[in-house]
Amino acid sequence: MKKIRWGVIGAGGIADRRTIPGMLLCDNAELVAVMEINMELAEKCRAKWNCARAYDSEAALLADPEIDAVYIASPVVLHARQAMMAADAGKHILIEKPLAMTSEEGQKVLDYCEAKGVKIAAGLMMRFGAYVQAMKKAIAEGKIGRPVSGFSQFTCWYPDMPGVWRQSKKAGGGGAMMDMGVHCIDLMQYVLGTRVKQVAAFHDTLSFHYEVEDSSMVMLRMENGVQCMVQSNFNIPDEAARWRLEFFGDQGRLMGENVIGQVDGGELDALFLGPQGGYDAVQNSKTAQGEHIDVTFGNLYQREVESFCNSLLTGAPLEVPASDAIQVQRVMEAAYLSNDTGRIIDL
């Protein structure tokens, strides 16, 4: 089987913890080289993952003729420059979210890649979750009737730490929403099959002292009328967290607990009731038995890389095109503007 040969720019962090292990499970991918900020660290990554070469500069890795595609997992402030360098070298790109520091910069990157004839996809890997896919299918089939409400919460414990780029507005562009809420906003649109029309939001730094938000609440009105809420936090203890993705319709519900995150799993409470009758003035709480939906859990990052490789090898459309990440970033920019001005923002 033909394989896409990969180089990784920024081989520590999420690449080391999740994406490289997933890549190594793929039948259509081969890890050739890794790059980190110094050769000692790069060589450590190379030895750990038993790949052919280690580099301490993007230019050196991108000059490697045996690399077909690169995965970029560096700080956000570096994304645009590195992606355009990769395009100059003719390498296809899988890049972590957000694509760039602003949606405008991200669009320039996308346009540049298209002009150079290279594919670019975004690292919104939660789309490949088994229950996420099941929820999307159920809604498309009308199982919960007309969707009317959506809710998601995604959090972590991320206290003050010196030199951490995600706690710097200059390096990361934002805080809890930019890093975690981005996935939830994307999933609201992806699962519902629609896009955001209006945004209202609150952002605060309540628990820590860094300059980006540790608490975020974003309200979304979709083009199809569904009203959604996304909460993202850096200040909820991991032991207390419940990562939720929920949708309610006029004929049922889909309530997912821990179905989002870096590991495919969790529980899905699905209730499909069918058309409803008249008004119940008593409104006694009723306990209805939910429906079990069979899914096969897997590795989100394996599915992400396999999908991208398949698109490169067969010409199939990208499942997570960079244009989708740019659109989500426009939603987040509207959310920051809403907080700053106290207004509802139209997209």
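Refer to the structure above for everything that follows.
Owing to the predicted nature of the structure, the values given are computational and were not obtained by experimental measurement. Going along each chain's sequence as written, the residues are numbered from 1 onward. For this predicted model, a pLDDT threshold of at least 70 governs which residues receive local features, and a threshold of 80 or more governs which side-chain atom pairs are given and counted, while totals over whole chains, interfaces and linings are taken from all residues. Excluded from the side-chain calculations are hydrogens and water; all other atoms, namely the structure's heavy atoms, are used.

Engineer: Lay out the packing of aromatic side chains in plain terms, naming residues and giving numbers.
Structural biologist: Each pair of aromatic rings taken from Phe, Tyr and Trp, with Trp reduced to its six-membered ring, is defined by centres within 6.5 Å and is described as stacked if the planes are under 30 degrees apart, edge-to-face if over 60, and tilted in the remaining cases. By the definition in use, this model includes 7 aromatic pairs. Residues F208 and Y210 carry aromatic rings whose centres are separated by 5.7 Å and whose planes lie at 35 degrees to one another, so their mutual orientation is tilted. Each of the two residues, F208 as well as Y210, counts as buried. Three or more aromatic residues joined by ring pairs make a cluster, and in this case those are W157, Y158, F208, Y210 and F234. A cation sits over an aromatic face here: K136 above Y190, 4.4 Å from the ring centre. Relative accessibility decides the category of a residue: with a 1.4 Å probe and only protein chains considered, values under 20% of the type maximum give buried, values over 50% give exposed, and everything between is partly exposed. For a lysine, the NZ atom is tested; for an arginine, the CZ atom; a charge sits over a ring if that atom is within 6 Å of the ring centre and within 35 degrees of the ring normal.

Engineer: Please provide a residue-by-residue account of the sheet that holds strand β1 (residues 4-9), values included.
Structural biologist: Paired through their backbone hydrogen bonds, the strands of a sheet run either parallel or antiparallel. By this definition, two strands are paired if DSSP reports at least two bridges between them. Working definition: helices are DSSP H or I runs of at least four residues, strands are E runs of at least two. Numbering for both runs from the N terminus. In spatial order, the strands read β3-β2-β1-β4-β5-β6; together these 6 strands make up an open sheet with parallel pairing. Edge strands, defined here as strands with exactly one partner in the open sheet, are β3 (53-55) and β6 (120-122). Averaged over neighbouring strand pairs, the angle between their axes works out to 25 degrees when direction is ignored. Where β1 meets strand β2 (residues 29-35), 6 bridges bridge the pair, whose relative direction is parallel. Bridged to V8 within β2 is V34. Throughout, a residue-residue contact means that at least one pair of heavy atoms, one from each residue, lies within 4.5 Å. Orientation is described by lines fitted to C-alpha atoms, with helices fitted over the stretch in contact, and by angles between N-to-C directions that extend from 0 to 180 degrees. Of the strands in this sheet, β1, β4 (69-72) and β5 (92-95) are in contact with helix α4 (residues 76-88), which crosses β5 at around 160 degrees.

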